[in-house]
Amino acid sequence: MNVLVIGSGAREHALCRSLSLDPDVTALHCAPGNAGIAEVAELHQVDALDGAAVTALARRLGAELVVVGPEAPLVAGVADAVRAAGIPVFGPSGEAARLEGSKAFAKDVMASAGVPTARSYVCTTAEEVAEALDAFGAPYVVKDDGLAAGKGVVVTSDLDAAKAHAAACERVVIEEFLDGPEVSLFAVTDGETVVPLQPAQDFKRALDGDEGPNTGGMGAYSPLPWADPKLVDEVLRTVLQPTVDELRRRGTPFSGLLYAGLAITGRGVRVIEFNARFGDPETQVVLARLRTPLAGLLAAAATGGLADLPPLRWSEDAAVTVVVASHNYPGTPRTGDPITGLAEVAAEDAPDAYVLHAGTRQDGDAVVSAGGRVLSVTATGKDLTEARERAYRAVGRIRLDGGQYRTDIAAKAAAGAL
């Protein structure tokens, strides 16, 4: 199979790494990619938001499967353009991707499907915002209705901060606060059959102890030793399958990756949000544990054949990923700083630990930072303790001026706590 992956982050590097290890993949391309992806795939320049350009590239390369990684191209309808050209594509239509592109649309779908979620109000005026915040009380949960690269949500007990975030958005969803640990659960679907992957937990706050501002994610781990063994089956039954069925009923079937962000509350599982693509950094740990070849799974979803696929196979190992971010992230990050130590990790820590590139680019012989989240250092081990040790040993070899990372990824779970 000749595969083209669209995107340039650590999620796409994780996808390309897994696809490169799949014996059925005979050619692997990525557009636009990054310095790390270049080691496993042939890179091409393309405007990832331009469906016609992506389709033309896929045709030129003879791609038999296109995998659209990020949310913005999906919401822009890139998968529609590729699909219309008769090329199998992993990723939902622009209409179905509204499940991520509009929090209000997602709430409407969940209400119709009977999916458990937080009570909420959709607000467009300062008066509506004030009423909604007063109705729920602190802590306040304010979400930009549209795409915001994982940073459109503010959870705060400061009423003025909540109002300020709402004022900066055209339309917001204000929700009741959901207590309890959070879980990310991915599912691959062809619009009818839904195949859940293994759950993961990510860390949104920038600093240790879940302090600091929200980010796109500073690390993740899988499996979740504290989670109910029946959790995946319950979420499949009450959340994932009803959502896919409701979208099909509406005439906008969802095929691709449905990501449910969940809170395990005292009243049961509640959906925090849906995403329409693989999450970053959870993809890094989920794919590290997946033993079923990836290309066949994604192709089955793209062509309506998931029901015929045998059950997925998983490693018993644990996986941990630690994000190394640039100076000032999640504010305006400093870029162009040299990254060293990558060859040391490859020489000393592989295959138990490896580096997935997020915001990097090649500058002559050097690899330099090119974004906020720069690297995802990923490791596996017999348990979370060993996976953590290996991940942080590898992180210690990497040098990036002003680089920052959390030191507590998976620490509580490895110690037997939530």
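- The protein chain has the name Phosphoribosylamine--glycine ligase in an unreviewed UniProt entry, where Streptomyces malaysiense is given as its organism.
- In its Sequence similarities (unreviewed entry) section, UniProt records this for the protein chain: "Belongs to the GARS family."
- The heading Catalytic activity (unreviewed entry) in the UniProt record of the protein chain holds the text "5-phospho-beta-D-ribosylamine + glycine + ATP = N(1)-(5-phospho-beta-D-ribosyl)glycinamide + ADP + phosphate + H(+)".

### Topic: the sheet that holds strand β15 (residues 219–222)
Point 1. Read from one edge to the other, the open sheet built from five strands follows the order β12-β15-β18-β23-β20, with strand pairing classed as antiparallel. Only two strands of the sheet have a single partner each, and these edge strands are β12 (201–202) and β20 (353–357).
Point 2. When strand β18 (residues 318–325) meets strand β23 (residues 373–381), the two strands line up antiparallel, connected through eight bridges. When the sheet's bridge partners are listed, Thr321 is paired in β23 with Thr378.
Point 3. Where helix α1 (residues 10–20) meets the sheet, its contacts fall on β20 and β23, and the angle it forms with β20 comes to roughly 125°.
Point 4. Sitting on the sheet, helix α10 (residues 282–289) touches β12, β15, β18, β20 and β23, and the angle it makes with β18 is about 150°.

### Some points on the pairing of strand β1 (residues 2–7)
In the case of a regular strand, side chains alternate between the two sheet surfaces.
Point 1. Within β1, six of the six residues are buried, which leaves it mostly tucked inside the rest of the structure.
Point 2. Burial along β1 is two-sided: Asn2, Leu4 and Ile6 facing one way and Val3, Val5 and Gly7 facing the other are all buried.
Point 3. Bridge count between β1 and strand β2 (residues 27–32): six bridges; the pairing is parallel. When the bridges of β2 are listed, Leu4 appears paired with His29.
Point 4. Chirality of the crossover, the property in question, places the unit of β1, α1 and β2 among those that are right-handed.
Point 5. As paired strands, β1 and strand β4 (residues 65–68) are joined by four bridges and run parallel to one another. Bridge pairing in β4 places Val3 opposite Leu65.

Cut-offs applied
Residue numbers run consecutively from 1 along every chain, following the written order of its sequence. Totals for whole chains, interfaces and linings use all residues, but because this is a predicted model, local features are given only for residues with pLDDT of at least 70 and pairs of side-chain atoms are given and counted only at 80 or more. Working from all heavy atoms in the structure, the side-chain values ignore hydrogens and water. UniProt positions are given in the numbering used here, feature names are shortened, and annotations may be inferred rather than shown by experiment. Pairing between strands is defined by DSSP: at least two bridges between them are needed. Helix numbering and strand numbering both begin at the N terminus, where a helix is a DSSP run of H or I of at least 4 residues and a strand a DSSP run of E of at least 2. For this analysis, residues touch if any pair of their heavy atoms sits within 4.5 Å. Under this scheme, a helix contributes an axis fitted over its contacting stretch, all axes are lines through C-alpha atoms, and angles between N-to-C directions fall in the 0 to 180 degree range. Each residue's exposure class comes from its accessible area (1.4 Å probe, protein chains only) as a fraction of the maximum for that residue type: buried when under 20%, exposed when over 50%, partly exposed otherwise. If the strands point away from the viewer and the path from the first strand over the helix to the second runs clockwise, then the crossover is right-handed.

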